[in-house]
Amino acid sequence: MGCCVAEIRSIAYYLPERLLNNAELVGHFPHWTEEKIVRKLGIETRPIAHETETAADMAVLAAENLLDNGSCEHEEIDFVLLCTQSPDYFLPTSACIIHERLGLPKACGALDFNLGCSGYIYGLSLAKGLVETGAAKKVLFLTSETYSRYINPDDRSARPLFGDGAAATLVAATEPTEKTVQEEPIGPFVFGTDGSGADLLIVPAGGHRMLPTEETAVEQPDGKGSVRSLNQLKMHGPGIFSFAVDRVPPLVEDLLQKSGKTRSDIGCYVFHQANKYMLNRLQELCNLRDANFFNDIMHRGNTVSSSIPIAMVDAWQSGVLRPGEWAMLVGFGVGLSWGATLVKVPEGFVACVPEPVA
């Protein structure tokens, strides 16, 4: 172990004011009902970024919510990590732009990494590594996505699921104690990847493998009631569901075995907020029916890499996530990629909730 131990000091989030509600969806897909959407997905409203609002814009607002709470000064941040799959530019790195907009010190590292629904777990491992190797003392870890930009309005499989949002997490160094040496506040980690499922959730055109052209922008029906172009998000829902129910239960078991803990040692379980049906199924398959298994999707939708930290703040506010208790965080999705870790929220933790959006 390095010179310090890493812990999560604070989490804040930002959600766009604009909401996509079920009544609007039913108006677009008249064979649906609002009740059916809630019953199947567990979602009533989804925050949607304004046309001029980018992932970097939202990340800045989430970061400002965190920095305004007094848990950290701007000049104390010495590394910025941004997880996004909707960057402002191919280059430069959005984290560098965010660094300048926040007025952070020049002696501060900044980088993006491209990952989706497991991105929060991967980012925590990166932040922990920076802190515990002595490379940084306070890491501002940001997640931000505008998946709505990738979705065709006539895509009945993806449009009801996804919401836009951003979260900011302060991962900071603390002096090791005998207790934290034995049980570090972040970790252990378990990861997994299956690139053979990359096409289950993909935007086919736009990068250098398939450059965007007039042809890739042509919208086509998929034969299943949805319409999209190659420039837009394509999701194979049944394949993603099968992947999750296949990979997540052994992931939970592997983390429990690696940490030496039992289910009853965990105070709260926060999984990636995919949809109600999938969460209910995973809760059952992971033998967590009697656990504090947090569901936060009703007014958020699937906010991709931000879903776990947003849910952690809401779980804290509702009293489900408590200081001194272990929380299991589990992410899974696009890639295909999955990961899980344990965190113990310290005394003095600050959770910042913006003005209600619903």
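Residues numbered from 1 in each chain as written. Predicted model: local features only at pLDDT ≥ 70, side-chain atom pairs only at ≥ 80, totals over all residues. Heavy atoms only, no water.

(A) Inspection of helix H4 (residues 94–102) at higher detail. Those residues of H4 that fall on the buried side of the exposure criterion are Ser 94, Ala 95, Ile 98, His 99 and Leu 102. In a view along the axis of H4, the buried residues occupy a sector of 145 degrees, so they form one face of it. At its buried positions, H4 is contacted by helix H3 (55–67), strand E4 (79–83), strand E5 (109–113) and strand E6 (138–145). One or two steps after H4, the chain reaches Gly 103, where phi turns positive at roughly 70 degrees. (Buried < 20%, exposed > 50% of the residue type's maximum accessible area, 1.4 Å probe, protein only. Helix = DSSP H or I, 4+ residues; strand = E, 2+ residues; numbered from the N terminus. Arc of directions from axis to C-beta. Contact = heavy atoms within 4.5 Å.)

(B) Here's a closer look at the sheet that holds strand E7 (residues 165–174). Spatially, six strands are ordered E5-E4-E6-E7-E1-E16 in an open sheet, and the strand pairing comes out mixed. Two strands close off the open sheet at either side, each with one partner strand: E5 and strand E16 (350–352). Recorded for the sheet is a direction-independent mean angle of 20 degrees between the axes of neighbouring strands. Bridging between E4 and E5 involves five bridges; their strand directions are parallel. Opposite Leu 82, over in E5, you have Asp 112 as the bridge partner. Across the sheet, H3 touches strand E1 (5–14), E4, E6, E7 and E16, and the angle it forms with E1 is around 115 degrees. Against the sheet, H4 contacts E4, E5 and E6, and its axis sits at roughly 135 degrees relative to E5. (Pairing = 2+ DSSP bridges. Axes fitted to C-alpha atoms, helices over the stretch in contact; angles between N-to-C directions.)

(C) Region of the structure containing the packing of H3 against H4. The N-to-C vectors of H3 and H4 enclose an angle of 45 degrees; their axes lie 10 Å apart at closest approach. Overall, the two elements H3 and H4 adopt an arrangement that is oblique. Taken as a pair, H3 and H4 cross one another with a handedness that is right-handed. Mapping the contact onto sequence places Ala 56, Asp 57, Ala 59, Val 60, Ala 63 and Glu 64 in H3 and Ile 98, Arg 101 and Leu 102 in H4. Of the residues belonging to the contact of H3 with H4, the class tally is six nonpolar, no polar and three charged. (Parallel < 35°, antiparallel > 145°, perpendicular 65-115°, else oblique. Left-handed = near helix turned anticlockwise from the far one by under 90°. Nonpolar A, V, L, I, M, F, W, Y, C, P; charged D, E, K, R; others polar.)

(D) Region of the structure containing the side chain of Asp 164. On the secondary structure map, Asp 164 appears in the loop between E6 and E7. No salt bridge is formed by the buried Asp 164; its nearest oppositely charged neighbour, Arg 149, is found at 5.9 Å. For Asp 164, the side chain forms a polar contact with the main-chain nitrogen of Ala 49, separated by 2.8 Å. Beyond its immediate stretch of four places on either side in the chain, Asp 164 contacts Leu 15, Pro 16, Pro 47, Ile 48, Ala 49, Met 58, Glu 145, Thr 146, Tyr 147, Ser 148 and Thr 303. (Lys, Arg positive; Asp, Glu negative; His and termini not counted. Salt bridge = Lys/Arg side-chain N within 4 Å of Asp/Glu carboxyl O. Polar contact = N/O pair within 3.5 Å; in protein donor to acceptor, adjacent residues only side chain to side chain.)

(E) Just the pattern of salt bridges, in detail. The final tally for this structure, using the stated rule, is 15 salt bridges. With its nearest N and O atoms 3.5 Å apart, the salt bridge here joins Glu 284 to Arg 281. Of the two residues, Glu 284 and Arg 281 are both situated in helix H8 (residues 276–285); the distance of three residues between them amounts to about one turn of the helix. You can call Glu 284 partly exposed: its relative accessible area is 41%. The class of Arg 281 is partly exposed, set by a relative accessible area of 32%. Several salt bridges converge on common partners, so that one network encompasses Lys 128, Glu 132 and Glu 184.

(F) Region of the structure containing the pairing of strand E15 (residues 337–344). With eight of its eight residues buried, E15 lies for the most part within the structure. Here E15 shows no split at all, with Ser 337, Gly 339, Thr 341 and Val 343 on one side and Trp 338, Ala 340, Leu 342 and Lys 344 on the other all buried. As paired elements, strand E8 (residues 186–193) and E15 share six bridges and run antiparallel to each other. Residue Phe 189 lies in a different strand from E15, and its bridge partner there is Thr 341. Bridge count between strand E14 (residues 326–333) and E15: eight bridges; the pairing is antiparallel.

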